[in-house]
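Examining the three-dimensional arrangement
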Amino acid sequence: MKLSTRDLTNAGLFVALSIALTRFAAVQVVQGTIRLSFGNIPIYVAGLLFGPVIGGLVGGVADLAGYLVNPFGAAFIPQITLAAILRGVIPPLVMRLLGAKNSFWQLKTFLAIIATEIVSGAFLTTWGLAWLNQTPFMVVLTPRLVALAVQIPVYTIATYVLIVPLRAFRAQRSAGK
């Protein structure tokens with residue numbers, strides 16, 4: 001896969017947006033376990049627009065660079081970095097699995113985000129936080145599942161609202177090359 005300068009530039013913009021939304025526009029609800037932010041949405045959008053490779057790069061770079069900018073007082077947690085990478089990789093793979101046609105994009109987006117958040121949010125991030133805080137996994141998982149029940153529909157709506165015009169814009173730019 002050849003990465004164009006335009007794709008890398010766009011990926012950098014999504015990284016910056018993810019860092020800003022995660023590190024500076026977030027609300028810590030339950031200290032150490034639940035942080036509400038929109039920082040995952042640029043990662044989902046990057047993956048859905050540019051594919052799993054760029055989506056994974058955006059997730060990984062955003063997490064690592066964001067940690068350097070503002071670590072939230074915590075140590076580096078590899079499980080959370082892997083979760084961020086998978087947030088860019090899983091949605092485009094689920095979309096490919098469900099079919100490339102433009103029909104039912106809302107449902108496909110919802111299913112892609114649910115699959116991603118089961119792996120990344122409910123399992124990997126919870127595992128990392130439980131490990132960091134030396135707390136049993138199930139104790140950390142319970143409030144996170146409640147938060148995910150709220151976050152998944154919000155992520156789905158925001159991702160869909162952004163992806164539709166961005167896909168059209170990208171197709172228009174590609175046709176005009």
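A few points on the structure.

Conventions used here
- Residue indices begin from 1 for each chain and proceed along its sequence in written order.
- Where totals are concerned, whole chains, interfaces and linings use all residues; where local detail is concerned, this predicted model gives features only for residues with pLDDT of at least 70, and gives and counts side-chain atom pairs only at 80 or more.
- Note: side-chain values were computed over all heavy atoms of the structure, leaving out hydrogens and water.
- Note on definitions: angles span 0 to 180 degrees between N-to-C directions of axes, and those axes are lines fitted to C-alpha atoms, for helices only across the stretch in contact.
- Numbered from the N terminus, helices here are DSSP runs of H or I no shorter than four residues, and strands are runs of E no shorter than two.
- What sets the label is the angle itself: under 35 degrees gives roughly parallel, over 145 gives roughly antiparallel, 65 to 115 gives roughly perpendicular, and the rest give oblique.
- Handedness of a helix crossing follows the sense of rotation of the near helix relative to the far helix, less than a right angle counterclockwise being left-handed and clockwise being right-handed.
- Contacts between residues were defined by any pair of non-hydrogen atoms, one from each residue, lying within 4.5 Å.
- Gly is put with the polar residues, along with every residue not named as nonpolar or charged; the nonpolar set is Ala, Val, Leu, Ile, Met, Phe, Trp, Tyr, Cys and Pro, and the charged set is Asp, Glu, Lys and Arg.
- Each salt bridge in this description consists of a side-chain nitrogen of Lys or Arg and a carboxyl oxygen of Asp or Glu lying within 4 Å of one another.
- The classification of residues rests on relative accessible area computed with a 1.4 Å probe and restricted to protein chains. Under 20% of the type maximum is buried, over 50% is exposed, and intermediate values are partly exposed.

Two elements in contact, helix H2 (residues 41–50) and helix H3 (residues 52–69), have axes whose closest approach is 7 Å; the angle formed by their N-to-C orientations is 160 degrees. One way to sum up the angle between H2 and H3 is to call them roughly antiparallel. Between H2 and H3 the crossing geometry is right-handed. The residues of H3 that touch H2, namely those facing Ile-43, Ala-46, Gly-47 and Phe-50, are Pro-52, Ile-54, Gly-55, Val-58 and Gly-59. In terms of residue class, the contact of H2 with H3 is built from 6 nonpolar, 3 polar and no charged.

Turning next to the pattern of salt bridges. Enumeration over the complete set of coordinates arrives at 3 salt bridges. With its nearest N and O atoms 2.9 Å apart, the salt bridge here joins Arg-87 to Glu-117. Linking Arg-87 in helix H4 (residues 78–98) with Glu-117 in helix H5 (residues 105–133), this pair joins segments that are 30 residues apart in sequence. Per residue, the accessibility class of Arg-87 equals that of Glu-117, and both read buried.

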